[in-house]
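Okay, here's what each chain looks like letter by letter:
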Amino acid sequence: MSIAFIFPGQGSQSVGMGADLAQAFAAAREVFQEVDDALGQKLFALMKEGPESDLTLTENAQPALMAVSLAVARVLEKEFGIGIDRAAFVAGHSLGEYSALAAAGSITLADTARLLKLRGQAMQRAVPVGEGAMASLIGPKTDLALAEAAAAAGSEVGVCVVANDNNNGNVVISGDKAAVDKAIEKAKELGARAIPLNVSAPFHCPLMRPAADEMAEALARTTIVSPRAPLVANITAGPVHDPDIIRGLLVEQVTGRVRWRESMIWLAGEGGVTRFAEAGAGKVLSGMAKRIAPDAEATPLNSPADLEAFAKSL
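Throughout what follows, the structure given in this document is the object of discussion. Predicted model only: the values in this text are computed from it and were never measured.

Before going further, it helps to spend a moment on the overall build of the protein chain. When its secondary structure is counted, the protein chain shows 14 helices and 10 strands. For 314 residues, the compact-globule estimate of 2.2 N^0.38 gives 20 Å, and the protein chain sits close to it at 18 Å. Taking all 314 residues of the protein chain together, the buried fraction comes to 58%. For the protein chain, the computed accessible surface area is about 12200 Å², with 51% contributed by carbon and sulfur atoms.

Next up on the list: the nonpolar core. With 80 residues, the main nonpolar core has Phe5, Phe32, Val35, Met47 and Val90 as its most contacted residues. Ignoring sequence-local partners within four residues, the contact set of Phe5 consists of Leu76, Ile84, Ala87, Phe89, Val90, Ala91, Ala277, Leu301 and Phe310.

Moving on, we come to the pairing of strand 5 (residues 170-176). Most of strand 5 sits inside the fold, with 6 of its 7 residues counted as buried. Two strands pair when backbone bridges link them, and strand 3 (residues 132-138) and strand 5 are joined in this way by 7 bridges, in the antiparallel orientation. Of the residues in strand 5, the one forming a bridge with Met134 is Ser174. Pairing of strand 4 (residues 160-167) with strand 5, which is carried by 6 bridges, proceeds in the antiparallel orientation. The partner of Asp165 across the bridge, within strand 5, is Val171. The loop that links strand 4 with its antiparallel partner strand 5 comprises 2 residues; one of these, Gly169, has a positive phi angle of about 100 degrees.

Right, let's get into the packing of helix 8 (residues 144-154) against helix 9 (residues 177-189). Relative to each other, helix 8 and helix 9 sit at 135 degrees, their axes nearing to 7 Å. Classified by the interaxial angle, the pair formed by helix 8 and helix 9 is oblique. The way helix 8 lies across helix 9 gives a crossing that is right-handed. Here Leu146, Ala149, Ala150, Ala151, Ala153 and Gly154 of helix 8 come into contact with helix 9, specifically with Ala179, Lys182, Ala183, Lys186 and Ala187. Broken down by class, the residue content of the contact of helix 8 with helix 9 amounts to 8 nonpolar, 1 polar and 2 charged.

For the rest of this paragraph, the subject is the pattern of salt bridges. Inspection of every chain in the model, using the stated rule, returns 16 salt bridges. The partner of Arg209 in a salt bridge is Asp213, and the shortest N-O contact between them spans 3.8 Å. Residue Arg209 and its partner Asp213 are both found in helix 10 (residues 209-220); the two are separated by 4 residues, about one turn of the helix. Connected via shared salt-bridge partners are Glu30, Glu34, Arg74 and Lys78.

So, on to the packing of aromatic side chains. One pass over the structure, following the stated rule, counts 4 aromatic pairs. With 6.1 Å between their ring centres and 75 degrees between their planes, Phe25 and Phe80 make a pair best called edge-to-face. Pair noted here: Phe25 is in the loop between helix 1 (19-24) and helix 2 (26-39) and Phe80 is in helix 5 (residues 58-80), with a separation of 55 residues, a long-range link. Measuring from centroid to centroid gives 4.3 Å for Phe32 and Phe44, while their planes differ by 5 degrees, and the two rings are stacked. One end of the pair, Phe32, is in helix 2; the other, Phe44, is in helix 3 (residues 43-49), with 12 residues separating them in the sequence. Phe44 carries the same exposure label as Phe32, and that label is buried.

Pairing is antiparallel across the open sheet formed by 4 strands, whose spatial order is 4-5-3-6. Here the strands that pair on one side only, and so sit at the sheet edges, are strand 4 and strand 6 (193-196). The sheet shows a mean angle of 25 degrees between the axes of neighbouring strands, direction not considered. Across the sheet, helix 13 (residues 284-292) is in contact with strand 4 and strand 5; its angle to strand 4 comes to roughly 80 degrees.

The subject of this paragraph is unusual backbone geometry. A cis amide bond, omega 10 degrees, links Gly50 with the succeeding residue Pro51. When you line up the elements, Pro51 lands in the loop between helix 3 and helix 4 (52-56). A positive phi is found at Ser94, a non-glycine position, where the angle reads about 60 degrees. By the element assignment, Ser94 lies in the loop between strand 2 (89-92) and helix 6 (96-103). Note on Ser94: relative accessible area 12%, which makes it buried. The phi dihedral of Ala237 falls on the positive side, at around 55 degrees, and the residue is not glycine. With relative accessibility at 8%, the residue Ala237 sits in the buried group.

Conventions we followed
- Residues numbered from 1 in each chain as written.
- Predicted model: local features only at pLDDT ≥ 70, side-chain atom pairs only at ≥ 80, totals over all residues.
- Heavy atoms only, no water.
- Helix = DSSP H or I, 4+ residues; strand = E, 2+ residues; numbered from the N terminus.
- Rg over C-alpha atoms; globule rule 2.2 N^0.38 Å.
- Buried < 20%, exposed > 50% of the residue type's maximum accessible area, 1.4 Å probe, protein only.
- Areas by Shrake-Rupley, 256 points an atom, 1.4 Å probe, with all protein chains shown as cover.
- Core = buried A, V, L, I, M, F, W, Y, C linked by side-chain atoms within 4.5 Å.
- Contact = heavy atoms within 4.5 Å.
- Pairing = 2+ DSSP bridges.
- Axes fitted to C-alpha atoms, helices over the stretch in contact; angles between N-to-C directions.
- Parallel < 35°, antiparallel > 145°, perpendicular 65-115°, else oblique.
- Left-handed = near helix turned anticlockwise from the far one by under 90°.
- Nonpolar A, V, L, I, M, F, W, Y, C, P; charged D, E, K, R; others polar.
- Salt bridge = Lys/Arg side-chain N within 4 Å of Asp/Glu carboxyl O.
- Phe/Tyr/Trp six-rings, centres within 6.5 Å; stacked < 30°, edge-to-face > 60°.

Interpretation in functional terms is not warranted from these geometric data alone.
Shown next as structure tokens:
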């Protein structure tokens, strides 16, 4: 069995996430305390108690989701003896790429928390609220080609690009609000359903350039080492382990496309992965894995029972 640990991105957050892990395992409590200390805020209390409106803020959601993912990874290692080196590869969706690198020992937990806090703040600063938009194009006719055609139509009036190629049937576009609105009209003409997303900024598009510049400065000051398992990067949909290349890809990722469908295809194909273990909140990526790589097993890991069952299966 060849395993890839995959780490969720924004949208998987919910009030109460991580609470059962903290109650069951000292190792999880350690992670949440380390993140609180690194940020100088009571993030875990917000995760447990809400309000949801505060947890959903990008600058809180990003480090919070990473904290849950790292709690899972720490518990697997300390309580069950399953280290990240059991994985053939790691990968993460958008901010989950930071979680993957932290779990693989490439960036320290404290540095990762601070980077994600900054990343959320920088993304929010890059575009005033209301000027940008994102939309999910869904349905059996939806694929990358349809989304690119819709984005091209939107580009006639502003910035509009494919932001997340999640899987066939689910592709996200991002850009100026007027451009995304026009792209939605085109997508509907082409047979897709289009759902505007409730986000505070247009992520993974050229409008995020100021945020990418801020992240470049922060990452230049951050120590990054080779991960204990190769990272399959969002930008390249292929494996990488060189720290300098990883640093550059994390900057590109702010404005670039999340090539998740291609990443999963590579993992299940050339990467030889037969089992995906989703470490963190929710089970969105497990669902995508089952659609993209139906011959591989996909297991969400976010509760004590999940972790115990996973450990026994190995």
